Every structure is written in C-alpha cells, then in structure tokens.
Amino acid sequence: MTVSPFTVNLQSDQYEQRLLYIGLSFKVADETTREMLEQNMPQLRSRLLMLFSSQHAESLTTPEGKRALSQQILALFDEPFSDPQPKLAVNDVLYTDFIVQ
C-alpha cells in the first residue's frame, strides 16, 4: 500500500532549516488492513507528519536512523484509528524516496 510522499521540516541541532522528502509504502498482510488504512488515510497522514517533523536531520542520514524510524512508524499502528477496530497487519515499511536536505 503506497502513501503519497511528504515534505516536512526537520529538527536540527544547528538551528538551520532542514527538510525531509519521504515516500513510503506499507507491506500489509491482508485486504482488511489495506481497506482500514485507506479509510483512515487522513489520520494516518497526520500521525506520520507529526512523527516525521519531530525527527532530527542528523539521525536520519544513517542506516540505523532509518531503521529506527521504520520501527517508530510501525508503532503508530498500535493506536487504533477507530473503535472498534480489527487488528492491523502491517508487516513492514518500505521507503520509496528518502532525501534529507
């Protein structure tokens, strides 16, 4: 499942303007998960935007930083989008674009 790319301002220790352009897809295990994410795309994009804008540019330029971001993204699915909600089966985050500037 593909999510439209984001461009967000990043945190920076040097008080300079840093940007992240990121495109991603989610590897989902079933159709129910895909449908639930599509129905709740505005909420999902908002959560992603808040997460991305809280990141530090310096950490995202390392492979470890990208892996940590993937884990933080997956953790976003622990909080339900609606009540009741079936368990979401999001197995992986795949980066399709990733530019820190």
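Up top is the structure.
A brief report on the enclosed structure follows. (Residues numbered from 1 in each chain as written. Predicted model: local features only at pLDDT ≥ 70, side-chain atom pairs only at ≥ 80, totals over all residues. Heavy atoms only, no water.)

**Quick notes on the sheet that holds strand β3 (residues 90-100)**
Then comes step 1: One open sheet accounts for 3 strands, arranged β1-β2-β3; its pairing is antiparallel. In the strand order of this sheet, the two ends are held by β1 (2-10) and β3, each with one partner. Between one strand axis and the next, the sheet turns through 25° on average, direction left out of account.
Then comes step 2: Where strand β2 (residues 18-28) lies against β3, 9 bridges are found, and the strand directions are antiparallel. Looking at β3, one finds that Y21 is bridged to I99.
Then comes step 3: Set on the sheet, helix α2 (residues 41-53) makes contact with β1 and β2; between it and β1 the angle comes to about 35°. (Pairing = 2+ DSSP bridges. Helix = DSSP H or I, 4+ residues; strand = E, 2+ residues; numbered from the N terminus. Axes fitted to C-alpha atoms, helices over the stretch in contact; angles between N-to-C directions. Contact = heavy atoms within 4.5 Å.)

**Description of the nonpolar core**
Then comes step 1: If you look at the biggest cluster of nonpolar residues, it comprises 26 residues, and the most contacted ones within it are F26, L48, F52, I73 and F77.
Then comes step 2: Broken down by secondary-structure element, the contributors of at least two residues to this core are β1, β2, α1 (31-39), α2, α3 (57-60), α4 (63-75) and β3.
Then comes step 3: Tallying contributions element by element places α2 first for this core, with 5 residues.
Then comes step 4: If we ignore the near neighbours within four places in the chain, the residues touching F77 are F26, L37, L44, L88 and V90. (Core = buried A, V, L, I, M, F, W, Y, C linked by side-chain atoms within 4.5 Å. Buried < 20%, exposed > 50% of the residue type's maximum accessible area, 1.4 Å probe, protein only.)

**A short note on α4**
Two residues of an α-helix separated by three or four positions point the same way, owing to the 3.6 residues in each turn.
Then comes step 1: The end-to-end C-alpha distance of α4 is 19 Å, a good match for the 18 Å that 13 residues give at a rise of 1.5 Å each.
Then comes step 2: For α4, every residue scored as buried is listed here: G65, L69, S70 and I73. One side of α4 holds all its buried residues, which, seen down the axis, span an arc of 145°. Residues of α4 that are exposed and angled more than 90 degrees away from the buried face: R67 and Q71.
Then comes step 3: Looking at the buried positions of α4, the neighbouring elements they touch are β2, α2, α3 and β3. (Expected span 1.5 Å × (residues − 1). Arc of directions from axis to C-beta.)

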